[in-house]
Amino acid sequence: MSKLLIQGGRVLDPGTGIDKVADVLLVDGLVAGIGSDLSADGAEILDGSGLIVSPGFVDIHAHLRDPGQEYKETIATGTEAAARGGFTTVCCMPNTDPVIDTRATVEYVLRTADATGRVRVLPIGAVSKGREGHDLAELADLAEAGCIAFSDDGAPVADGALLRHAMEFASISGLTVIDHCEDAGIAAGGVMHEGWVSTRLGLQGQPAAAEETAVARDIAVAAETDLPLHLAHISTRAAVDLVRTAKQRGLPITAEVTPHHLTLTHEAVAFSQNGSNGNATLLYDTNAKVNPPLRTADDVAACVEALREGVIDAIATDHAPHADYEKACEFDEAVFGISGLETAFGLCMTLVRSGDLDLPTLIERLTAGPVRALGLERSVPGLGSLAEGLPAGQAGAPGDIVLIDPEAEWTVEPERFASKGRNTPLAGRTLMGKVVATVYGGEVVWAEEKVPA
Amino acid sequence: MAKNATRTQTSRAASTPAAKRPTPLNPDATSERLVPETNWTRRHLLDVDDFTSAEIELVLDTTDAMKEVLARDIPRVPALRGTTIVTLFYEASTRTRASFELAGKVLGADVINVAASSSSVQKGEALLDTVRTIQAIGADVCVLRHHASGAPYIAARESEFRVINAGDGQHAHPTQALLDAYTLRSELGDIRGRKIVIVGDIAHSRVARSNMWCLTSLGAEVVLCGPPTLMPVGLNGSTSDAEEHDLPPVRVEYDLDIAIEGADAVMALRLQRERQSSGLLPSLREYSRLYQVNGERLAKAKPGAPVLHPGPINEGVEISTEVAHGARSLVEEQVTNGVAVRMAVLYLLLRGEQP
């Protein structure tokens, strides 16, 4: 019997409504008790005093690149990055090579995660075979093999009929379809948000309408079927408004937003964010090239507001690691994506510091929110909470815990990332709020040196 | 081509110290200062977007001196002797590449031309690897033209040598803007307060972008004209907006007949024919009916208003044949001035800083 006792922290679990200073006892990898008089007999001790103790974060949108693009990331390095970022569950997107569109690939991912992963990996299967947007993948077989949702992410499901059929077929297994909302015709080769910065830089813009038309279509399809649909990385005010209206109508729509769309604007592509832009030239920062693109300050404000209200259910990283050479090139030729697992929490904490979001809400959107959005509690009972006794008769929620120092300052140093992807526009930026230790299944999988482990 | 001495006899040329130049055979001539006093501080020429009017004036005044060199019997000076200039072109070019090459040679530099179509780039060499190679060769200046906006900025960050942007994607073409400003100044005198209309495919034009910055810095009133499908977003004409957005204070007018009224000069841009196939234009006929600079429209500008075009010209599309080759066309002067402006830029980058 293995025991871990986390002593004296502020236990913050928005999913169960707990917010108090207490000890948390994990036994055999599960939450066994929260209180002040828990027996430390034979338990390993973690000192949580002065720290926030919350359920491990759940990322419902990450690219682990494995199989096939191991030069960008592997399941081992990606889950190590997740552990450092406080994420104990990572849902990985199927745009690998081969695509996760067969039982064999799902089994590869799960087996590799079991052997080399630091945290839980839940695979997302492809909607269509090869993610080509023509023929449905064998969704029920993928579900039985262990997929927890379906998406062709990286690309939208362009054919509305295919999307509808995917939702209908996924409902057999009780799973949700995730769409990457982008109208390819309107987006037409855009490499950044269409706005004054794209004009300034002479780069092809991707209009906000490319996302908004796709969101509107998706909502219409969901309304017709009354089946759940999750919208990935929402980034514009109008898209947020569409989601808000859909939820008011009672439609089973959920949505996520990334830390970078909550905090950065399209100006990051052109101008230094560290203030001193005196005689500096334009950046053309390929590390700020991401899809959907970074938007305007007004879009950012709308996303933050929607996240606060719960119109947006979850924060998801869209962790998209790439090799250096894929970013060290012309802006047009650089690949899209930001390596986000290790900076997600610190970046989101800027919203807490600015008063735009309170800490419990932030934690909720990183834990219970994403679990609810994809219905993950069906696959992993108690996930994203510190519940002690579960209806299923299980002893407690998984022993996935993150210890946070909300006051700690740190500087983003991509060369020290666990992820192979150093592609972040935040290099050199000082963030406040840090993951100090991560516990997965009752075991400390990452800890800063000062914490006894 | 260098014998066009008449253009140096403009009002500006007279104010520069053109009278007492050292002879090119001066044994100590490598240190010859063609322009006695400059406050040049730029390491690269990537765009003119952050140039002060004084900096632009400095380039134009230096160009006057270079035109005087070109008017000599033997247009050669050793001002840049011992320096190496590499022109690295990822796109086809006639006038820009040739004028940089000639500019370098007139000033005594060694000039190496690298065309991406005949180099290791064809074998998949990345831009930054090519930059490192050019560095290893020992180049002092790299003149870079690239199809991707921002490529010279990336090269400049990673290099020891100086970078001159000879056109990057849809972003900037600073030497074109400087030669246009020079040509306009030669023709109009001071261009402060002058109304200059730029007509055509503004959205995809690096020439238009650099000209907006350059001409507004010099105090001109810049009016952009073209179909809405070829107009970039954000340039909605409100000056306060433009300031907030860090875009030049220009005005947008979609009707050429209105835009051209009372113009002091008109600049037509090349229309890429693929704009039609990509759905931005119904037809070339429709385009030229609405936006061609022709004699009838030019009659609405100020009497004698000159017409510029960066070339190459699609005669009968963006400009009528009569106007392109008419008395008010400055197209040839633009090409001639291009050599002098590029000499000035090379000179200022390599010799402009005060010891």
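Residues numbered from 1 in each chain as written. Chains lettered and ligands numbered in written order. Predicted model: local features only at pLDDT ≥ 70, side-chain atom pairs only at ≥ 80, totals over all residues. Heavy atoms only, no water.

**Some words on the interface of chain B and chain A**
Thinking step 1. Between chain B and chain A, the contact holds 27 residues from the first and 22 residues from the second.
Thinking step 2. For the pairing of chain B and chain A, the buried interface totals around 1,900 Å² over both sides, and the portion due to carbon and sulfur atoms is 54%.
Thinking step 3. Remark: the boundary between chain B and chain A carries two salt bridges.
Thinking step 4. Arg200(A) serves as the salt-bridge partner of Asp49(B), at 2.9 Å between the closest nitrogen and oxygen.
Thinking step 5. If you look at where chain B meets chain A, you find nine residue pairs in polar contact (both at pLDDT 80 or more).
Thinking step 6. The set of elements that each furnish at least two residues to the side of chain B that touches chain A consists of helix 4 (127-137), helix 5 (151-157) and helix 7 (206-217) of chain B.
Thinking step 7. Take the side of chain B that touches chain A: its biggest share by element is four residues, from helix 5 of chain B.
Thinking step 8. Here the side of chain B that touches chain A is built from residues that sort into 12 nonpolar, eight polar and seven charged. (Contact = heavy atoms within 4.5 Å. Buried area = accessible area lost by both parts, 1.4 Å probe. Salt bridge = Lys/Arg side-chain N within 4 Å of Asp/Glu carboxyl O. Polar contact = N/O pair within 3.5 Å; in protein donor to acceptor, adjacent residues only side chain to side chain. Helix = DSSP H or I, 4+ residues; strand = E, 2+ residues; numbered from the N terminus. Nonpolar A, V, L, I, M, F, W, Y, C, P; charged D, E, K, R; others polar.)

**Side note on the nonpolar core**
Thinking step 1. With 110 residues, the main nonpolar core has Leu201(A), Leu107(B), Ile164(B), Leu178(B), Leu224(B) and Met343(B) as its most contacted residues.
Thinking step 2. Take this core: its biggest share by element is 11 residues, from helix 14 (residues 331-351) of chain B.
Thinking step 3. The residue makeup of this core includes at least three contributed by each of domain 1 (37-172 + 338-349) and domain 2 (174-330) of chain B.
Thinking step 4. For Met343(B), the residues in contact, after removing those within four places along its chain, are Met66(B), Val69(B), Leu70(B), Ala103(B), Val106(B) and Leu107(B).
Thinking step 5. Ile75(A), Val106(A), Ala214(A) and Ile312(A) belong to the second-largest nonpolar core, a separate cluster that totals 78 residues. (Core = buried A, V, L, I, M, F, W, Y, C linked by side-chain atoms within 4.5 Å. Buried < 20%, exposed > 50% of the residue type's maximum accessible area, 1.4 Å probe, protein only. Domains from an automatic or database assignment.)

**Here we look at the domain arrangement of chain B**
All names here are of chain B.
Thinking step 1. Each domain of chain B was delimited in the assignment, giving domain 1 (37-172 + 338-349) and domain 2 (174-330).
Thinking step 2. In this structure, domain 1 and domain 2 have C-alpha centres spaced 25 Å apart.
Thinking step 3. Three residues stand out in domain 1 for area buried against domain 2, namely Val48, Leu60 and Gln170, and they jointly supply 26% of the buried area on that side.
Thinking step 4. Applying the counting criterion to the domain 1 and domain 2 interface returns four salt bridges.
Thinking step 5. A salt bridge links Glu91 to Arg206, with the shortest nitrogen-to-oxygen separation between them at 2.9 Å.
Thinking step 6. The interface formed by domain 1 and domain 2 contains 10 residue pairs in polar contact (both at pLDDT 80 or more).
Thinking step 7. Contributing elements (two or more residues each) for the side of domain 1 that touches domain 2: helix 2 (53-70), helix 3 (95-106), strand 3 (141-146), strand 4 (162-168) and helix 14.
Thinking step 8. Counting residues per element, the side of domain 1 that touches domain 2 draws most heavily on helix 2, at nine residues.

**Overview of the pattern of salt bridges**
Thinking step 1. In total, this model carries 40 salt bridges over all chains according to the counting rule given.
Thinking step 2. The closest approach of N and O atoms between Asp257(B) and Arg297(B), which form a salt bridge, is 3.2 Å. Of this pair, Asp257(B) sits in helix 9 (residues 256-259) while Arg297(B) is found in helix 12 (residues 295-298), placing the two residues 40 residues apart along the sequence.
Thinking step 3. Note on Asp257(B): relative accessible area 25%, which makes it partly exposed.
Thinking step 4. One network of salt bridges, in which partners are shared, links Arg103(A), Glu107(A), Asp141(A) and Glu144(A).

**Here we look at the packing of aromatic side chains**
Thinking step 1. Counted under the stated rule, the structure contains seven aromatic pairs over all chains.
Thinking step 2. Seen from their ring centres, Tyr287(B) and Tyr291(B) are 5.6 Å apart, and the 35 degrees between their planes marks the pair as tilted. With Tyr287(B) and Tyr291(B) both in helix 11 (residues 284-291) and four residues apart, the pair spans about one turn of that helix.
Thinking step 3. The rings of Phe57(A), Phe87(A) and Phe345(A) are connected pair by pair, giving a single aromatic cluster.
Thinking step 4. For Lys289(A), the ring lying beneath its charged end belongs to Phe336(A), and the centroid distance is 4.7 Å. (Phe/Tyr/Trp six-rings, centres within 6.5 Å; stacked < 30°, edge-to-face > 60°. Lys NZ or Arg CZ within 6 Å of the ring centre and 35° of its normal.)

**Points about the side chain of His233(A)**
Residue and element names in this part refer to chain A.
Thinking step 1. As for its position among the elements, His233 is in the loop between strand 13 (229-231) and helix 8 (237-248).
Thinking step 2. Of note is the side chain of His233, whose polar atom sits 3.4 Å from the side chain of His180.
Thinking step 3. For His233, the contacting residues outside a window of four places in its chain are His61, Asp153, His180, Glu211, Glu256, Val257, Thr258, Asn291, Pro292 and Asp318.

**As for the sheet that holds strand 6 (residues 221-225) of chain B**
Residue and element names in this part refer to chain B.
Thinking step 1. Pairing is parallel in the open sheet, where five strands are placed in the order 7-6-5-8-9. The two strands at the open ends of the sheet, each matched to only one other strand, are strand 7 (251-253) and strand 9 (307-308).
Thinking step 2. Pairing of strand 6 with strand 7, which is carried by three bridges, proceeds in the parallel orientation. The partner of Cys225 across the bridge, within strand 7, is Glu253. (Pairing = 2+ DSSP bridges.)

**So, the confidence of the model for chain B**
Residue and element names in this part refer to chain B.
Thinking step 1. Residue-level pLDDT values for chain B average 88, and 86% of them are 70 or greater.
Thinking step 2. Low confidence marks residues 1-31, where pLDDT is under 50. Its contacts with residues over four positions away, or in another chain, come to 43 contacts.
Thinking step 3. A low-confidence stretch, residues 238-243 (pLDDT under 50), is modelled with five contacts involving residues beyond four sequence positions or located in other chains.
Thinking step 4. As a predicted assembly, this complex carries a pTM of 0.93 together with an ipTM value of 0.91. (pLDDT = per-residue confidence, 0-100.)

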